[in-house]
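Notes for the structure review
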Amino acid sequence: MIPTLKLNNGVEMPQLGFGVFQVPDAETTAAVTTALDAGYRSIDTAAAYQNEAGVGKALASSGLAREELFVTTKLWNADQGYQETLAAFERSRGLLGLDFLDLYLIHWPAPELGKYADSWRALEKLYADGAVRAIGVSNFQPAHLQHLASVSPVVPAVNQIELHPYLQQDAVRAYGNEHGIATEAWSPLAKGGSLLSEAPITELAAKYDRTPAQIVLRWHLQLGNVVIPKSVTPARVRENFAVFDFELTAADLDAVSGLERGERTGPDPDTFNAV
Ligand code: NDP
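This report concerns the structure included in the present document. (Residues numbered from 1 in each chain as written. Predicted model: local features only at pLDDT ≥ 70, side-chain atom pairs only at ≥ 80, totals over all residues. Heavy atoms only, no water.)

**Section: the site of the ligand**
Stated precisely, the cut-off is as follows: We call a residue near a molecule or strand as soon as one heavy atom of that residue lies within 4 Å of the molecule or strand. A 3.5 Å cut-off defines polar contacts: any pair of N or O atoms within that distance qualifies, except that in protein one atom must be a possible hydrogen donor and the other a possible acceptor, and neighbouring residues in sequence count only when both atoms are side-chain atoms. A 1.4 Å probe and the Shrake-Rupley method give the accessible areas. Residues count as covered only by the protein chains that appear here. Each cavity reported here is a set of points on a 1 Å grid over the protein atoms alone in which a 1.4 Å probe fits but cannot get out, each pocket an open set with protein on both sides within 12 Å along at least five of seven lines, and each lining residue one with an atom within 4 Å of a point. Those molecules having more than half of their atoms within 2 Å of a cavity or pocket grid point set are described as sitting in that cavity or pocket. Labels follow the DSSP assignment, with helices taken as runs of H or I lasting at least four residues and strands as runs of E lasting at least two, numbered in each case from the N terminus. Lys, Arg, Asp and Glu make up the charged group, whereas Ala, Val, Leu, Ile, Met, Phe, Trp, Tyr, Cys and Pro make up the nonpolar group; the residues left over, Gly among them, are polar.
Taken together, 29 residues sit near the ligand, with Asp 44, Ser 187, Lys 230, Ser 231 and Thr 233 positioned nearest. Here an oxygen atom of the ligand sits 3.2 Å away from a polar atom, N or O, in the main chain of Val 20. His 107 has a polar side-chain atom sitting 3.3 Å from an oxygen atom of the ligand. Considered on its own, the ligand offers 910 Å² of accessible surface; in the complex 88% of this is hidden by protein. Applying the majority rule of atoms within 2 Å of the grid points places the ligand in the largest pocket. With 3 residues, helix H9 (residues 234-241) is the single largest residue contributor to the shell around the ligand. Of the residues assigned to the shell around the ligand, the class counts are 13 nonpolar, 10 polar and 6 charged.

**A few points about the layout of surface pockets**
We apply this condition: Grid points are joined across faces, edges and corners, and a volume is the space filled by probe spheres set on the points.
In this model, the largest pocket occupies a volume close to 750 Å³. Lining the largest pocket are 35 residues, with Phe 21, Gln 22, Ser 187, Lys 191 and Lys 230 sitting closest to its centre. When contributions to the lining of the largest pocket are tallied by element, the ones reaching two or more residues are helix H8 (212-223) and H9. When residues in the lining of the largest pocket are grouped by element, the largest group, 3 residues, is from H9. Each residue belonging to the lining of the largest pocket can be placed in one class, and the counts come to 18 nonpolar, 12 polar and 5 charged.

Remember, this is a structural readout, not a statement about activity or role.
In structure tokens form, the structure reads like this:
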């Protein structure tokens, strides 16, 4: 029922997943359980979210077979470096209670630390060892991807970046398309703010008898992005999943794309080096 994208190593990734940024650990189990009950099978967490244990509890009690799930977590900046990455991966895997992960991402390039190439070598080892089915990056600009390509033959399967109609990331997406890197959109709803009241989106919502969030998610899916909307509101969790039974026209997609204004809701990857 959920469309998948074939990653550059042949692994199939659900195009729609559930994000848990800023969900406290104690509330995460309930939120992920709601998502799994609604039909989501892909969950996006990170060591930095401090809720991997909550995610793990929901997975364990779901009764779903491991092969039905697609679980992503991310390496935090403070743990960059070869040995540090291997140790951080083991902590995440333990908290999630899983034998293997589906996708492990370097959370930020943190260029000032100068360690992402070493971290990448550790991800290569985890992949070679079968500890993770696919490896990728997050918040990498073309320059960071180029640098990685100059030191490693292994192309990231995924680049998870801030992406929504206000910030369409043409250059990063073009680099990904050219090099076989799937683009995954974080904050796909631009954090549920003013984007959802923009005229082209509310007009399309009326035209299709859908909600603004569903129009935005449909825009992403038809552009080929992976999306991971977050919500702790059960009705919205279900609403965000009900996007596979209608289609926007090319003109509708263009109308939404007209909202581009180069506006980030989060940090700039070129200058974000927090540990
Ligand atoms: P989203 O764009 O998914 O928006 C989430 C916000 O929108 C929440 O406040 C939510 O409210 C609200 N919302 C959700 N659905 C609806 C709806 N149908 N109608 C109206 N409002 C809605 O933002 P996020 O920043 O959470 O991004 C999604 C995921 O991306 C994260 O959870 C995380 O997994 C990932 N991410 C990755 C980053 C990275 O650096 N790699 C950085 C940031 C995010 P409520 O919950 O109250 O219902």
